[in-house]
Amino acid sequence: MNTRELKEAVQKGACDRSFSTLYGGENVERARVRYASAIDTFVSIYGPKEEAFLLSVPGRSEISGNHTDHNHGRVIAASVDCDVIAVAAKEPGSLVRIKSDGYKEDTVDLQNLAPESYPRFRSCALVAGMCAAFRNDGRQVGGLTAYTVSNVLKGSGLSSSAAFEVLVGTILNHLYNEGRVSPVQIAKDAQWAENVYFGKPCGLMDQMACAVGGFVEIDFRDPAEPVIEKIDFDLTGKGYDLCIVNTGGNHADLNEDYAAIPAEMKAVAKLFGQKVLRGISEEELLQRAPEIREKAGDRALLRALHFVKEDARIPEIAQAMKKGDLPAFLAGIRASGESSFKYLQNVFSSVCPKEQGETLALYVAEKALNSYPEPGACRVHGGGFAGTMQAFVPAKYTGEFRKAVDAVMGKGACMVMHVRPIGATKVL
């Protein structure tokens, strides 16, 4: 339908069922306003179109498996009810133009998709990378215009970059490939784009969680064919809220910190004649500890030990979720957080030790959670070093928890999230 009809359909409730699923029944009217406004802005920038689409990709929350995916480990993640949405339309010619709210327009020429033509660590590189991934695999690409709006807080550990990458792939999928490309394939394309074009050696967990949706356990033993299992776990039904705390840090200058983690883990794996740590045991690491300390360093060994223990923890947490065993689930989350802090060491950057918002947020959260008669859990969230902390809070105390956290971290720092059952999708 054209852009006028698209807006009318949204306002008259054609998307209400989808909005209820994506955002909760209480937020349907807010979603109508948001999408209608996005259509208006799209038209103001690119003019009315004869055919346009609405698309949505959620942010994600890492439940456990901190920095395991890049070494072929296992993770548990969930899509959440904050997302990046797009209004998109085909255009003649070879230009891909995407204007994101609050940012300059990204322009990519499909006649020149060489990685060196796009500056690293810029969103235009991600757009070019996604277009190249589609073309390299024999899929269709073409000119388009799109306007995007996101409430996935940048630097939040909710994977704003992964959501954006997957959104670009979802746009190409529905505009030029009749929706035939699977979410799993789009996630793989997104990781490739971030590695090759953007310049960040990320794993695949962020993109996969954004693309697939719901609670998912993902085994990356073979990254080319990850094993994905959805987990039926109703956190809200158990009487708990998922809270994400914005600690005020920024990920902008932390690329070296992130890159060092997989690099150090793989340096240890290399001493065993392997490319990644998967398959190496805790006993093997400790037996060769003197050699590893000398050749790779103490931190590399500690990070390798974190990987081994964290990877083994995932099936245990997943099993607890499948059984509905909330105490075991929370215990697993706490163990994951402790390991991340002590051994992975991604709670603050050693380059800027004065900035320790993550550590402070963990202190405040633990103090609050320990004061309640029902158990809770908290841990560093996402890549770490800055950004956000995650907490599982008994819903009856969420108001108190938010008040305690916001008093130290700032008003609005604590955000209550819900798990979204659907990943990347065309809304209309």
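Per chain, the residues get numbers from 1 upward, laid out in the order the sequence is written. With the structure being a predicted model, the display of local features is reserved for residues of pLDDT at least 70 and the display and counting of side-chain atom pairs for 80 or more, all residues being used for whole-chain, interface and lining totals. No hydrogens and no water enter the side-chain calculation; it runs on all heavy atoms of the structure.

Draft legend 1. The arrangement of the overall build of the protein in detail. Helix numbering and strand numbering both begin at the N terminus, where a helix is a DSSP run of H or I of at least 4 residues and a strand a DSSP run of E of at least 2. Assigned secondary structure in the protein consists of 14 helices and 12 strands. We compute the radius of gyration from the C-alpha atoms alone; for a globule the expected value is 2.2 Å times N to the 0.38, where N is the number of residues. For a compact globule of 428 residues, the expected C-alpha radius of gyration is about 22 Å, and the protein comes in at 21 Å, within 12% of that figure. With the principal axes as the frame, the protein shows a C-alpha extent of 65 × 50 × 40 Å. We get accessible surface area from the Shrake-Rupley algorithm with a probe of 1.4 Å; when it comes to residues, only the shown protein chains can shield them. Of the roughly 17900 Å² that the protein leaves accessible, carbon and sulfur atoms contribute 50%. Of note, the protein has its 49 positive side-chain charges centred 1 Å away from the centre of its 53 negative side-chain charges. Positive residues here are Lys and Arg, negative ones are Asp and Glu, while His and the chain termini are left out of the count. Throughout, a charge is located at the NZ atom of Lys, the CZ atom of Arg, the CG atom of Asp or the CD atom of Glu.

Draft legend 2. Layout of the packing of aromatic side chains. Ring pairs shown here join Phe, Tyr and Trp side chains whose ring centres sit within 6.5 Å, with only the six-membered ring taken for Trp; geometry is labelled stacked below 30 degrees between planes, edge-to-face above 60, and tilted in between. Applying the stated criterion to the full structure yields 10 aromatic pairs. Between Phe121 and Phe198 the ring centres are 5.5 Å apart and the planes differ by 85°, which places this aromatic pair in the edge-to-face class. Of this pair, Phe121 sits in the loop between β4 (106–109) and α4 (123–136) while Phe198 sits in helix α6 (residues 183–198), and the two are 77 residues apart along the sequence. For Phe121, a relative accessible area of 40% translates into the label partly exposed. The classification of residues rests on relative accessible area computed with a 1.4 Å probe and restricted to protein chains. Under 20% of the type maximum is buried, over 50% is exposed, and intermediate values are partly exposed. With a relative accessible area of 13%, Phe198 lands in the buried category. Here the aromatic rings of Tyr372 and Tyr397 are separated by 4.6 Å at their centres, their planes lie at 5°, and the arrangement is stacked. Residue Tyr372 is found in the loop between α13 (357–370) and β9 (377–380), and its partner Tyr397 is found in the loop between β10 (388–394) and α14 (398–409); the two are separated by 25 residues along the sequence. Exposure remark for Tyr372: the relative accessible area of 9% places this residue in the buried category. Grouped by ring-pair contacts, the aromatic residues Phe215, Phe233, Phe329 and Phe392 constitute a single cluster. We note Lys90 situated over the ring of Tyr176; from NZ or CZ to the ring centre the distance is 4.9 Å. Whether a charge sits over a ring depends on NZ of Lys or CZ of Arg being within 6 Å of the ring centre and within 35 degrees of the ring normal.

Draft legend 3. Seen up close, the packing of helix α5 (residues 160–176) against α6. Axis separation between α5 and α6 bottoms out at 9 Å; the angle between their running directions is 125°. Taken as axis vectors, α5 and α6 run oblique relative to one another. Crossing hand, α5 versus α6: right-handed. On α6, the residues that touch Ser161, Glu165, Val166, Gly169, Thr170 and Asn173 of α5 are Ile186, Ala190, Gln191 and Glu194. In this classification, the charged set is Asp, Glu, Lys and Arg, the nonpolar set is Ala, Val, Leu, Ile, Met, Phe, Trp, Tyr, Cys and Pro, and all remaining amino acids, among them Gly, are polar. In terms of residue class, the contact of α5 with α6 is built from three nonpolar, five polar and two charged. Note on definitions: angles span 0 to 180 degrees between N-to-C directions of axes, and those axes are lines fitted to C-alpha atoms, for helices only across the stretch in contact. The scheme is simple: roughly parallel for angles under 35 degrees, roughly antiparallel for over 145, roughly perpendicular for 65 to 115, oblique for anything else. When the near helix sits turned anticlockwise from the far one by under a right angle, the crossing is termed left-handed; a clockwise turn instead gives a right-handed crossing. The contact definition used throughout considers only heavy atoms, calling two residues in contact when any of these lie within 4.5 Å.

Draft legend 4. Expanded view of the side chain of Ser56. For Ser56, the position within the fold is in strand β1 (residues 53–64). Judged by relative accessible area, Ser56 falls into the buried class, the value being 0%. Setting aside residues no more than four positions away along its own chain, Ser56 makes contact with Leu22, Tyr23, Tyr35, Asp83, Val84, Ile85, Leu167, Arg420, Gly423, Ala424, Thr425 and Val427.

Draft legend 5. Summary view of the sheet that holds β10. A sheet is described by the order of its strands in space; here four strands give the open sequence β9-β10-β8-β11, paired in antiparallel fashion. At either margin of the open sheet sits one strand with a lone partner, and together these are β9 and β11 (414–417). Adjacent strand axes in the sheet meet at a mean angle of 25°, parallel and antiparallel pairs treated alike. Strands were regarded as paired on the criterion that DSSP finds at least two bridges between them. Alignment of β9 against β10, held across four bridges, turns out to be antiparallel. The residue of β10 that forms the bridge with Val380 is Met389.

Draft legend 6. Geometry of the packing of α4 against α6. Across the interface, α4 lies against α6 with an axial gap of 8 Å and an inter-helix angle of 125°. Accordingly, the angle class assigned to the pair α4 and α6 is oblique. The element α4 and its partner α6 pack so that their crossing is right-handed. Where α4 abuts α6, its residues Ala125, Leu126, Ala128, Gly129, Met130, Ala132, Ala133, Phe134 and Asn136 lie against Ile186, Asp189, Ala190, Trp192, Ala193, Glu194, Tyr197 and Phe198. Taken together, the residues that form the contact of α4 with α6 break down as 13 nonpolar, two polar and two charged.

Draft legend 7. The pattern of salt bridges, seen in detail. Definition used for salt bridges: Asp or Glu carboxyl oxygen within 4 Å of a side-chain nitrogen of Lys or Arg. What the rule picks out here adds up to 27 salt bridges. Across the pair Arg32 and Asp16 runs a salt bridge, and its minimum N-O distance is 2.4 Å. Here the residue Arg32 occupies a position in helix α3 (residues 28–46), and Asp16 occupies one in helix α2 (residues 16–23), the gap between them amounting to 16 residues. The residues Arg32 and Asp16 share a single accessibility class, namely buried. Note that Glu264 is salt-bridged to Arg299, the shortest N-O span being 2.5 Å. Here the residue Glu264 occupies a position in helix α8 (residues 255–271), and Arg299 occupies one in helix α11 (residues 298–323), the gap between them amounting to 35 residues. Judged by relative accessible area, which is 16%, Glu264 ranks as buried. Sharing partners across several salt bridges, the network here consists of Arg74, Asp219, Arg278 and Asp311.

Draft legend 8. Geometry of the environment of Met265. Its location among the elements puts Met265 in helix α8. In this structure Met265 comes out as buried when scored by relative accessible area, which is 0%. Here Met265 is in contact with His67, His70, Asn71, Leu277, Arg303, His306, Phe307 and Leu344, once residues within four sequence places are set aside.

Draft legend 9. A look at the pairing of strand β2 (residues 74–90). Most of β2 sits inside the fold, with 16 of its 17 residues counted as buried. Sheet analysis places β1 next to β2, joined by 10 bridges and oriented antiparallel. Considered in β2, the bridge of Val57 is made with Val84. As paired strands, β2 and strand β6 (residues 215–219) are joined by five bridges and run antiparallel to one another. Each residue of the ladder has a partner; that of Arg74, found in β6, is Asp219. Relative to strand β5 (residues 144–150), β2 is paired through seven bridges, and the arrangement is antiparallel.

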